[in-house]
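# Residue-level structural notes
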Amino acid sequence: MITGGAQGFGRAIAERFLQSGARLALWDRDGDVLRAAGEALKALGEVHTAFVDVVNADQVETAAADTLGRLGGIDILVANAGIAGPTLPTWEYPPDEWRRVIDIDLTGAFLCCRAVVPHMRAQRYGRVLMIASIAGKEGNPNAAAYSAAKAGVIALTKSLGKELAGDDIAVNCITPGPARTRIFDQITQAHIDYMLSKVPRGRFLKVEELASLAAWLVSAENSFSTGAVFDLSGGRATY
Ligand SMILES: NC(=O)c1ccc[n+]([C@@H]2O[C@H](COP(=O)([O-])OP(=O)(O)OC[C@H]3O[C@@H](n4cnc5c(N)ncnc54)[C@H](O)[C@@H]3O)[C@@H](O)[C@H]2O)c1
């Protein structure tokens, strides 16, 4: 199950998982892009799509039950849906925009975990992967809501990882640096230039590079790491 699976990282993860033999449910709130992704990905394997806004607890619960019915179980949850929010200094940030970013990027991940983890506990197996951000480790200027939400996702990963460590359920997150996806449409060119200037490798992350790490993190082979933060910042964060 991949949230925000219609495009960007989510879609690249979907392609990679299908190539590894997974059966998938893609959740997204952008119906047109989701339908197009579902159609295109069908050639690679079994893909179900569900129109879900991850901030809506009822929609999340209903979609989780539906996904369980269609797939017969959920072994993997990738909580990836997210937005950037406006690029503004903290003192100019509209409170409604702040709440929207925290709601989608942090509370959305929590609600998806809340809906899916009980099934993983019942089967005593699962892999949860959250897509956080380098912003959650470093704190980007003019992106306080996003940075705070992603720091929250990192902490959620650590807490949930410890809660589930007694079973074969792994909870990890990735903290990517900037990758050229549609999320860039939400931020200013100056902010994109700032983020790129911080990457020692001097280029954007490729979505396939993220999908590659994601594939290992959600595999059965990843039987020990949990509550951990995996860096993909091209050398920016060496911790
Ligand atoms: N691209 C980057 O530079 C970058 C870097 C670090 C972290 N991230 C994180 O990676 C994740 C994916 O980002 P992306 O770059 O692929 O962006 P994207 O905009 O290409 O894709 C995000 C997807 O999430 C969906 N989405 C947004 N809000 C939703 C909601 N409330 N409910 C359901 N779906 C929703 C969108 O419709 C979209 O399809 C996000 O959490 C983002 O914060 C991205």
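Notes on the structure in this doc start here. Counting of residues starts from 1 at the beginning of each chain's written sequence and follows it residue by residue. A pLDDT threshold of at least 70 governs which residues receive local features in this predicted model, and a stricter bar of 80 or more applies before side-chain atom pairs are shown or counted, although totals over entire chains, interfaces and linings include all residues.

Below, the discussion takes up the site of the ligand. Every one of the 29 residues lining the ligand counts as a neighbour, but G4, G8, G82, T181 and I183 are closest to it. Helix and strand labels come from DSSP, where a helix needs a run of H or I of at least four residues and a strand needs a run of E of at least two; each type is numbered from the N terminus. Listing elements by their share of the shell around the ligand, those giving two or more residues are α1 (8-19) and α4 (95-123). Take the shell around the ligand: its biggest share by element is three residues, from α1. As a working rule, the residues Ala, Val, Leu, Ile, Met, Phe, Trp, Tyr, Cys and Pro are called nonpolar, Asp, Glu, Lys and Arg charged, and the rest polar, with Gly in that last group. A per-class count over the shell around the ligand returns 14 nonpolar, ten polar and five charged. Near, for a residue, is defined by distance from a backbone-placed C-beta atom to a molecule or strand, with 6 Å as the limit that must not be exceeded.

Once that is clear, we can look at the nonpolar core. Of all hydrophobic cores here, the largest spans 65 residues; its most connected members are L26, L77, V78, C112, L129 and M130. Broken down by element, the residue count for this core peaks at ten residues, all from α4. Each nonpolar core reported here comprises buried Ala, Val, Leu, Ile, Met, Phe, Trp, Tyr and Cys residues connected via C-beta atoms within 7 Å. Put simply, a residue is buried when 20 or more other C-beta atoms lie within 10 Å of its own C-beta and exposed when 12 or fewer do; between those, it is partly exposed, and each C-beta is set from the backbone.

This part covers helix α6 (residues 144-163). With 20 residues, α6 should cover 28 Å at 1.5 Å per step; its first-to-last C-alpha distance of 28 Å lies within 8% of that length. Residues A145, Y146, S147, A149, K150, V153, L156, T157 and L160 constitute the buried set of α6. Looking at the buried positions of α6, the neighbouring elements they touch are α4, β5 (125-131), α5 (134-138), β6 (168-176) and β7 (228-232). In this scheme, a helix's expected span is set at 1.5 Å multiplied by one less than its residue total. Two residues form a contact once the distance between their C-beta atoms, set from the backbone, is within 7 Å.

Interaxial distance between α4 and α6 falls to 9 Å at its minimum, and their mutual angle equals 20 degrees. Between α4 and α6, the angle is such that the two are roughly parallel. Crossing handedness for the pair α4 and α6: right-handed. For the pair formed by α4 and α6, the contact residues are E97, W98, V101, I102, D105, L106, A109, F110 and C113 on the first element and A145, Y146, A148, A149, K150, G152, V153, L156 and L160 on the second. Its residues assigned to classes, the contact of α4 with α6 shows 14 nonpolar, one polar and three charged. Here, axes are lines fitted to C-alpha atoms. For helices the fit covers the stretch in contact, and angles between N-to-C directions go from 0 to 180 degrees. Working rule for angles: under 35 degrees goes down as roughly parallel, over 145 as roughly antiparallel, 65 to 115 as roughly perpendicular, anything else as oblique. In a left-handed crossing the near helix is turned counterclockwise from the far helix by less than a right angle, and in a right-handed crossing that turn is clockwise.

This paragraph deals with unusual backbone geometry. Even without being a glycine, R124 presents a positive backbone phi close to 55 degrees. Using a count of 11 C-beta atoms within 10 Å as the deciding quantity, one classes R124 as exposed.

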